[in-house]
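# Structure assessment
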Amino acid sequence: MDSTSISTFPQQQEMQDHHPHEDSSTVSDCESSVSGTTRELQQQKQNSGSFLVRLGEGDVVHDLIKTRFLRGLGLLSKQTEILAIHRNACSDVVSQARLQSFHLYAGAVSKLRGGNSNVKYAWYGTSCENDVRDILSNGFSHVHGHSLCLSPDDSPLQSVKSCVVGRDGVRHLILCRVILGRTEIVKPDTKQCYPSCENYDSGVDSFSAPTKYMIWSSRMNTHVWPAYVISFRVPSFKGIEKSEEEHVRPTSPWMPFQNLISVLSKDLPSLDIALISKFHKAKKEKKISRHELIQKVRQIAGDKLLISAIKSYRAKKKSANFQQTRSKNDD
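In this report, the structure presented in the accompanying data block is examined. Keep in mind that this is a model prediction, so the values were computed, not measured.

The next thing to look at is the sheet that holds strand β9 (residues 224-233). Judged by pairing direction, the sheet is mixed, and its nine strands sit side by side in the order β1-β2-β9-β5-β3-β4-β8-β7-β6 without closing on themselves. Each having just a single partner strand, β1 (52-55) and β6 (183-185) make up the two edges of the open sheet. Direction aside, neighbouring strands of the sheet carry axes that sit 35° apart on average. Inspection of the sheet shows strand β4 (residues 147-152) paired to strand β8 (residues 213-216) by four bridges, in the antiparallel sense. Directly across from C149, in β8, lies its bridge partner M214. Across the sheet, helix α4 (residues 60-73) lies against β1, β2 (81-88), β3 (119-125), β5 (170-179) and β9, angled at about 130° from β2, the strand it touches most. Helix α6 (residues 129-138) rests against β1, β2, β3, β5 and β9 of the sheet, and its axis sits at about 25° to β5.

Restricting attention to buried positions, one finds in helix α9 (residues 257-264) the residues F257, L260, I261 and L264. Buried positions in α9, seen along its axis, are confined to an arc of 100° and lie on one side of it.

A few words on the pattern of salt bridges. Pairing is possible between side chains that carry opposite charge, provided their charged atoms lie close to one another. Inspection of the entire model under this criterion finds five salt bridges. A salt bridge links D153 to R68, with the shortest nitrogen-to-oxygen separation between them at 2.7 Å. Separated by 85 residues along the polypeptide, D153 in the loop between β4 and α7 (157-162) and R68 in helix α4 bring together distant segments of the chain. Salt bridges sharing common partners tie together R113, D201 and R219.

Within the element layout of this structure, T126 appears in the loop between β3 and α6. For T126, a relative accessible area of 1% translates into the label buried. Only 2.7 Å separates the side chain of T126 from the backbone oxygen of H172, close enough to count as a polar contact. If we skip the residues at most four places from it in the chain, T126 touches D131, V132, S162, C163, V164, H172 and I174.

Cut-offs used in this document
- Residues numbered from 1 in each chain as written.
- Predicted model: local features only at pLDDT ≥ 70, side-chain atom pairs only at ≥ 80, totals over all residues.
- Heavy atoms only, no water.
- Pairing = 2+ DSSP bridges.
- Helix = DSSP H or I, 4+ residues; strand = E, 2+ residues; numbered from the N terminus.
- Axes fitted to C-alpha atoms, helices over the stretch in contact; angles between N-to-C directions.
- Contact = heavy atoms within 4.5 Å.
- Buried < 20%, exposed > 50% of the residue type's maximum accessible area, 1.4 Å probe, protein only.
- Arc of directions from axis to C-beta.
- Salt bridge = Lys/Arg side-chain N within 4 Å of Asp/Glu carboxyl O.
- Polar contact = N/O pair within 3.5 Å; in protein donor to acceptor, adjacent residues only side chain to side chain.

Structure follows, in structure tokens:
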């Protein structure tokens, strides 16, 4: 379970993104792993005004969501209390129609993008309990402007920070299924409200290690499906943010830039490498500062990949130095 991504459960669910017209797709998303009876669903509707079914401890989906969520919080996980995990039962006709629409759009994007609709799981931080009910009933477009920002399933921290604290210190995150299709790099402060051209479907802040998914306003209610709701309490973030930042940020000394580009070229698309080389040239021509260059590279490659590249370089350099010293001693 530790190595399993949320994007793999239930497996039947993901398989049906490639067969959006099958009648069983609605059943798979709405009813699998749920033991609630019709009476329980009606009671949920009366009590909360939504169509949520609570998943109990020991349920495979409950435990997987909980594990991935806490692991993604890092140092904050030990202080976080999971109160409940609910599933969107989509028990009314409108919800079922929205789910079917999601599958249809996934199929359309798949055909448009060479068989890859690029469906992921992602977190959305709510503003209140009413936000949960409104989104389950009406979708996302009524509560957002030009774009909807979500966090990847393995990086919930930003969405946790954006949650508004409700009664008794409770926060709610919605775990969504998202059709990303073909992504493009988008700046955090962008005013962009639609793809830059017809070749793209959504935005990310990094190709290799994204921390943000951007869904444009025209696609919020078709490319995002609110699947689960997790309710939790978390203490103050004081002291946590600095530790998390220090944990993921690459540290000096940096490896020679040409070496870095060579290493990154093994993992990044050629267009990304060309863009990094362009910024490196701009730095050498003194058109941008070293700090600006580093920020550009971090935005394109992501800190995880950069840290891995630097560690790999240092390990090889250390090994080479050891072999060189040993050779001299043998002489």
